[in-house]
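An overview of the molecular structure
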Amino acid sequence: ATSRLLVNYQEPYRSQILDYLFKPNFGASLHILKVEIGGDAQSTDGTEPSHMHYENDENYFRGYEWWLMKEAKKRNPKIKLIGLPWAFPGWIGKGENWPYDYPDITAYYIVSWILGAKQYHGLDIDYIGIWNERAFSSKYIKLLRYTLDKHGLEQVRIIASDRLWEPISFVMMIDSELHGVVDVIGAHYPGTKTVQNAILTGKKLWSSEDYSTFNNDVGAGCWARILNQNYVNGNMTSTIAWNLVASYYEELPFGRCGLMTAQEPWSGHYKVESPIWITAHTTQFTQPGWSYLQVDGHLEGGGSFVALTDGLGNLTIIIETMSHNHSKCIRPPLPNFSVIPQRATFYLRGSFYMVETLQVWHSRLDFESGKSSLFQQLHPVKVWKGRFSLDLNVDEVYTLTTLKTGWKCEFPEPPPPQPFPSNYRDDFNIRNPPFSEAPNFADQTGVFEYFVNASDPGDHVFTLRQVVVQRPITWVSDADQTISVIGNFKWVNITVTCDIYIEKPRDGGVFIAARVDNGGIYVRRTKGVFFWVFADGSYRVTGDLAGEEILMKGLAGVRDNAWHTLTLNIQGNSASGLLNGYPLWENVTVSKPGNGWAALGTRSLEFAQFDNFHVE
């Protein structure tokens, strides 16, 4: 759920961000885009909707991943696409929190996503994963391969298991049928190392999720180091950064752990962070299908280099000299090492002996002045009789290449940053919405979608509806309630108003909230000020999403299948609530949290509708 806010940037800024990420020879010029196959459950910074909420339901226009893949392909038709589920809708497990009891159902569900990508969006998925950072089932993987082939998807390759090198490598060594169907072993955060069993499989080894580090210059140093050393130390021929672009509220978990930052669609502000240009050192001068040369890439004074060729005479060498403290990734811990200034001499042999000049691109991360030099073209290097030397400083990246196509593109400065609008409303009145979700709402448990009430006489034809009604096969501990947050985390004094419609009789219920302090993987421990009304006619004010810290309760007379207006007002340490414009409770003392988002949601996984949302 890390691209949530990207979709509602206005043009031209949205296209500029996408160009920096995907356009060849422009910025990051990415080779791979890996997306979540939405599973209606919390997957780190929010929930992403499934293409099949219910067993008899199929919809290939939900969420933003289809759009993102199409935008990437539009810019680079050769980009590789990967799909991986974090969670699954509840019906797949028939009530159990496990996707492998009915492997034929799970395989059908995943294959339908791949077929839908092609049928509705013209997208060819290249690789498919199993279950992000969770257990794999050999039986399921074999059945997935069989199901793919049965539907004419022989070209879709399987990557497993998006966790650690073991036990997948060991199991592949003893199960020849599994060895035959897994094309790539993908490990997460391998710390540039692999294991003997993985090498013995003879399969491609990938770091299929890595980086995850705050995108300042230390994050850039981390990224430069692992892009090279994942191959040098671990024989990995692909490294995939989580995440593409930080387009989610920064106070959610792992804020700004993207290659660039685009978390302000309301202002148009975005920032091309240094990891973008570190990426370019590799991606602008190599392509999928190039081969790494099998050289020992450790430099004597510390640092590393890799060399790649297209097999047609082109050569690209990438050198990094990142020091320990300037290249720490978020995980795993980094053992000590030292890097010193050095002169390195390279010898070109065989078909490369004839190379006379190499183009040079250079970055230097400057932690003293903060004025880093990023992706600058320097004078070409002359190669004399197959040899050349370079003086390498610390915290530098060099690309030396026979290619003359590199380019550092820059758009004019985007608008300056602005906080989320302090007066914001959404009536959800949109006949053909471009996306299934209303802008800026970040679902943290449950899924909130635009809905058309065909039966309504007029005031509430277009609404926002919570649609997840069975607990998904979760990836982390989703809340027992549903919740979507919006706005500025720094908000203190605030009025939230929303029309609400409880659909579930007897024990249904909904809330509006303010000063909401948590989300993402921590959603269960969310605190704030929550104003609830229930189908049984009662109301509550609580200090938490779980509803355990009761600040006030009483009778409201609200009923299900009728529209009501809730208003929550907080000034300083005092909160009050209105129902249909009349005071219902007042002078409730609230102390902590002192600030946070606005939010709306439901008591359980139940249908409910919201309209005319307003926050001030």
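What counts, and at which threshold
- Residues numbered from 1 in each chain as written.
- Predicted model: local features only at pLDDT ≥ 70, side-chain atom pairs only at ≥ 80, totals over all residues.
- Heavy atoms only, no water.
- UniProt positions renumbered as here; feature names shortened; annotations may be inferred.
- Patch = residues over 30% accessible without salt bridge, like charges linked within 9 Å, V, L, I, M, F, W, Y side chains within 5 Å.
- Areas by Shrake-Rupley, 256 points an atom, 1.4 Å probe, with all protein chains shown as cover.
- Salt bridge = Lys/Arg side-chain N within 4 Å of Asp/Glu carboxyl O.
- Helix = DSSP H or I, 4+ residues; strand = E, 2+ residues; numbered from the N terminus.
- Buried < 20%, exposed > 50% of the residue type's maximum accessible area, 1.4 Å probe, protein only.
- Axes fitted to C-alpha atoms, helices over the stretch in contact; angles between N-to-C directions.
- Parallel < 35°, antiparallel > 145°, perpendicular 65-115°, else oblique.
- Left-handed = near helix turned anticlockwise from the far one by under 90°.
- Contact = heavy atoms within 4.5 Å.
- Nonpolar A, V, L, I, M, F, W, Y, C, P; charged D, E, K, R; others polar.
- Expected span 1.5 Å × (residues − 1).
- Pairing = 2+ DSSP bridges.
- Domains from an automatic or database assignment.
- Buried area = accessible area lost by both parts, 1.4 Å probe.
- Polar contact = N/O pair within 3.5 Å; in protein donor to acceptor, adjacent residues only side chain to side chain.
- Core = buried A, V, L, I, M, F, W, Y, C linked by side-chain atoms within 4.5 Å.

- Identification of the protein as Galactocerebrosidase from Leucopsar rothschildi is taken from an unreviewed UniProt entry.
- Comment text from UniProt for the protein, heading Sequence similarities (unreviewed entry), reads "Belongs to the glycosyl hydrolase 59 family."
- Taken directly from UniProt, the Subcellular location (unreviewed entry) text for the protein runs: "Lysosome".

1. Quick look at a nonpolar patch on the surface
- A grouping of Phe170, Met173, Ile174 and Leu200 is seen on the molecular surface, where their side chains present a nonpolar patch of about 400 Å² in accessible area.
- Per-element accounting of the nonpolar patch gives the leading share, three residues, to helix α5 (residues 168–174).
- Taking relative accessible area as the criterion, Ile174 reaches 58% and is therefore assigned exposed.

2. Considerations on the packing of helix α8 (residues 217–232) against helix α9 (residues 274–283)
- Between α8 and α9, the shortest axis-to-axis distance is 8 Å and the interhelical angle comes to 20 degrees. The pairing of α8 with α9 is recorded here as roughly parallel in orientation. Helix-helix and strand crossings are classified by hand; for α8 and α9 the assignment is right-handed. Contacts between α8 and α9 involve Asp217, Gly219, Ala220, Trp223, Ala224 and Leu227 on the former and, on the latter, Ser274, Pro275, Ile278, Thr279 and Thr282.
- Class assignment for the residues of the contact of α8 with α9 results in six nonpolar, four polar and one charged.

3. Let's talk about helix α3 (residues 103–121)
- Relative to the 27 Å expected for 19 residues at 1.5 Å per residue, α3 spans 27 Å between its end C-alpha atoms, a close match to the ideal helical length.
- At the C-terminal side of α3, Gly122 shows a positive phi close to 65 degrees.

4. Here's the deal with the UniProt feature "domain: Glycosyl hydrolase family 59 central" (unreviewed entry) in the protein
- Those residues carrying the UniProt feature "domain: Glycosyl hydrolase family 59 central" (unreviewed entry) are residues 292–406 in this numbering.
- Span residues 292–406 is 0% helix and 43% strand, its end C-alpha atoms 20 Å apart.

5. Quick look at the pattern of salt bridges
- Across all of its chains, the model carries 20 salt bridges by this definition.
- For Arg62, the salt bridge goes to Asp57, with nearest N and O atoms at 3.0 Å.
- Of the residues examined, Arg62 reaches a relative accessible area of 9% and is grouped as buried.
- Residue classification places Asp57 among the buried positions, given a relative accessible area of 13%.
- Taken together, the shared-partner salt bridges in this structure form one network comprising Asp19, Glu71, Lys74 and Arg75.

6. Side note on the pairing of strand β31 (residues 597–602)
- Burial analysis of β31 places six of its six residues in the buried class, the great majority of the element.
- With five bridges joining them, strand β22 (residues 482–486) and β31 adopt antiparallel strand pairing. Within the sheet, the bridge partner assigned to Val485 lies in β31 and is Ala599.
- Judged from the five bridges that link them, strand β24 (residues 509–516) and β31 form a sheet pairing that is antiparallel. For Ala513, the partnering residue across the bridge sits in β31 and is Ala599.

7. Examining the sheet that holds strand β17 (residues 396–401)
- A sheet is described by the order of its strands in space; here six strands give the open sequence β10-β11-β12-β17-β14-β15, paired in antiparallel fashion. The open sheet has two edge strands with one neighbour each: β10 (291–292) and β15 (373–382).
- In this sheet, strand β12 (residues 315–320) lies alongside strand β11 (residues 304–309) in antiparallel orientation, the contact comprising six bridges. Bridge assignment links Leu308 to a residue of β12, and that residue is Thr316.
- Strands β10, β11, β12 and β17 of the sheet are contacted by α8, whose axis makes an angle of about 70 degrees with β11.
- Strands in contact with α9 are β12, β14 (357–364), β15 and β17; relative to β15, the strand with the most contacts, it is inclined by about 25 degrees.

8. Some words on the domain arrangement of the protein
- According to the domain assignment, the protein contains domain 1 (31–160) and domain 2 (424–615).
- A separation of 30 Å is found between the C-alpha centroids of domain 1 and domain 2.
- On the side of domain 2, 23 residues touch domain 1, which itself brings 34 residues to the contact.
- Here domain 1 and domain 2 share an interface that buries about 2,100 Å² over both sides, 54% of which is from carbon and sulfur atoms.
- Per-residue buried area on domain 1 facing domain 2 is highest for Gln42, Thr47 and Tyr54; these three make up 26% of the total on that side.

9. Observations concerning unusual backbone geometry
- Put simply, Glu166 and Pro167 share a cis peptide bond, and its omega is 5 degrees.
- Looking at the secondary structure, you find Pro167 in the loop between β4 (157–163) and α5.
- Note that the residue after Trp242, namely Asn243, is joined by a cis bond; omega there is 5 degrees.
- Residue position: Asn243 is located in the loop between β7 (239–242) and β8 (261–264).
- In this structure, Asn25 takes a positive phi of about 50 degrees despite not being glycine.
- Along the chain, Asn25 falls in the loop between α1 (13–22) and β1 (32–37).
- On the basis of relative accessibility, which here comes to 28%, the residue Asn25 falls in the partly exposed class.

10. A look at the UniProt feature "domain: Glycosyl hydrolase family 59 C-terminal lectin" (unreviewed entry) in the protein
- Look at the UniProt record and you will see "domain: Glycosyl hydrolase family 59 C-terminal lectin" (unreviewed entry) annotated at residues 443–616.
- Annotated as 0% helix and 53% strand, the span residues 443–616 places its first and last C-alpha atoms 20 Å apart.

11. Quick notes on the side chain of Arg145
- Within the secondary structure, Arg145 sits in helix α4 (residues 138–150).
- A distance of 3.0 Å separates a polar atom in the side chain of Arg145 from a polar atom in the side chain of Asp149.
- When sequence neighbours within four positions are dropped, the list of residues in contact with Arg145 reads Leu153, Glu154, Val156, Arg157, Ile158, Val181 and Asp183.

12. A word on the nonpolar core
- Within the largest apolar cluster, 104 residues are counted, with the highest numbers of intra-cluster contacts made by Phe22, Leu33, Ile128, Ile141 and Leu144.
- In this structure, this core is formed jointly by two domains, domain 1 (31–160) and domain 2 (424–615), each of which donates at least three residues.
- With sequence-adjacent residues up to four places away left out, Ile141 is seen in contact with Ile130, Phe136, Ile158, Ala160, Ile168, Leu178, Val181 and Val182.
- Counting 63 residues, the second-largest nonpolar core is a separate cluster that includes Tyr189, Leu252, Phe428 and Ala599.

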